[in-house]
Amino acid sequence: QIRSRAEWLVSSGVVESGSRPKERSTNIGAFLLRQPDYFSVPTAKCKDVFRWLLSIGLTKRKAAGGISSEPSVLNQPIDQLSLRSQFFLSVLGGTLPELCNVPHMLTCDLAKVPMLRHAYCLSNGLEVKPTELLVKGDATFVQIIERDLEELNAFEQEGKHLSFFQGSAM
């Protein structure tokens, strides 16, 4: 069963097969370091997530690349993946190629990262690219928008971002 699961990683394109067996083992090992509980995720769940990525319009290569770069996507319920992708594509106005550049959008805390940052920017009249909303770290984000971290933190503490989206259909 372990060999079969490792083979799925290669056959789906999540890890590169490599030209030699040792290279293939190294690639699988690198993936397992990023997703140590991979073997506890049911095979059907892995395949469902892969199919879902294809269903939103990603190519097989892009879907595999998304899992490879953000392996915890395999642990996410499909409804949460759908919610996060729709928020990125419909609310933030992002595109599928942009989503591929920020695959952590599918696993991040929706309220603490994209909702907070988007509401903050809209409230302050700031135009920011969807991918810039998803840079890792608030300190990096406030540098991009040229604002103060304390101001963003105060906005979050007041819960303005949650009331901003309250009642909206995502």
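Residues numbered from 1 in each chain as written. Predicted model: local features only at pLDDT ≥ 70, side-chain atom pairs only at ≥ 80, totals over all residues. Heavy atoms only, no water.

Peer 1: Help me out: how do you make sense of empty space enclosed by the protein in this one?
Peer 2: Here the idea is plain: a probe the size of a water molecule rolls over the atoms and shows the empty space left. Within the structure shown, the criterion is met by one cavity of 30 Å³ or more. Of the voids in this model, the largest cavity is the one considered here, and its volume is about 90 Å³. If you trace the largest cavity, you find it lined by L53, I56, L58, K62, G66, I67, E70, V73, L99, C100, P103 and L106. Elements represented by at least two residues in the lining of the largest cavity include exactly α4 (60–69) and α6 (96–101). Per-element accounting of the lining of the largest cavity gives the leading share, three residues, to α4. Across the lining of the largest cavity, the residue classes tally to nine nonpolar, one polar and two charged. (1 Å grid on protein atoms, 1.4 Å probe; cavity = no way out; pocket = protein on both sides within 12 Å on 5 of 7 lines; lining within 4 Å. Points joined across faces, edges and corners; volume = space filled by probe spheres on them. Helix = DSSP H or I, 4+ residues; strand = E, 2+ residues; numbered from the N terminus. Nonpolar A, V, L, I, M, F, W, Y, C, P; charged D, E, K, R; others polar.)

Peer 1: Any chance you could explain the packing of helix α1 (residues 2–11) against helix α2 (residues 21–34) here in plain terms?
Peer 2: Between two packed helices, what matters for the description is the angle formed by their axes and the separation of those axes. Between α1 and α2, the least distance of the axes is 11 Å, while the angle of their chain directions is 95°. Classified by the angle their axes make, α1 and α2 are roughly perpendicular. Where α1 approaches α2, its residues A6, E7, L9 and V10 are matched on the opposing element by R24, I28 and F31. (Axes fitted to C-alpha atoms, helices over the stretch in contact; angles between N-to-C directions. Parallel < 35°, antiparallel > 145°, perpendicular 65-115°, else oblique. Contact = heavy atoms within 4.5 Å.)

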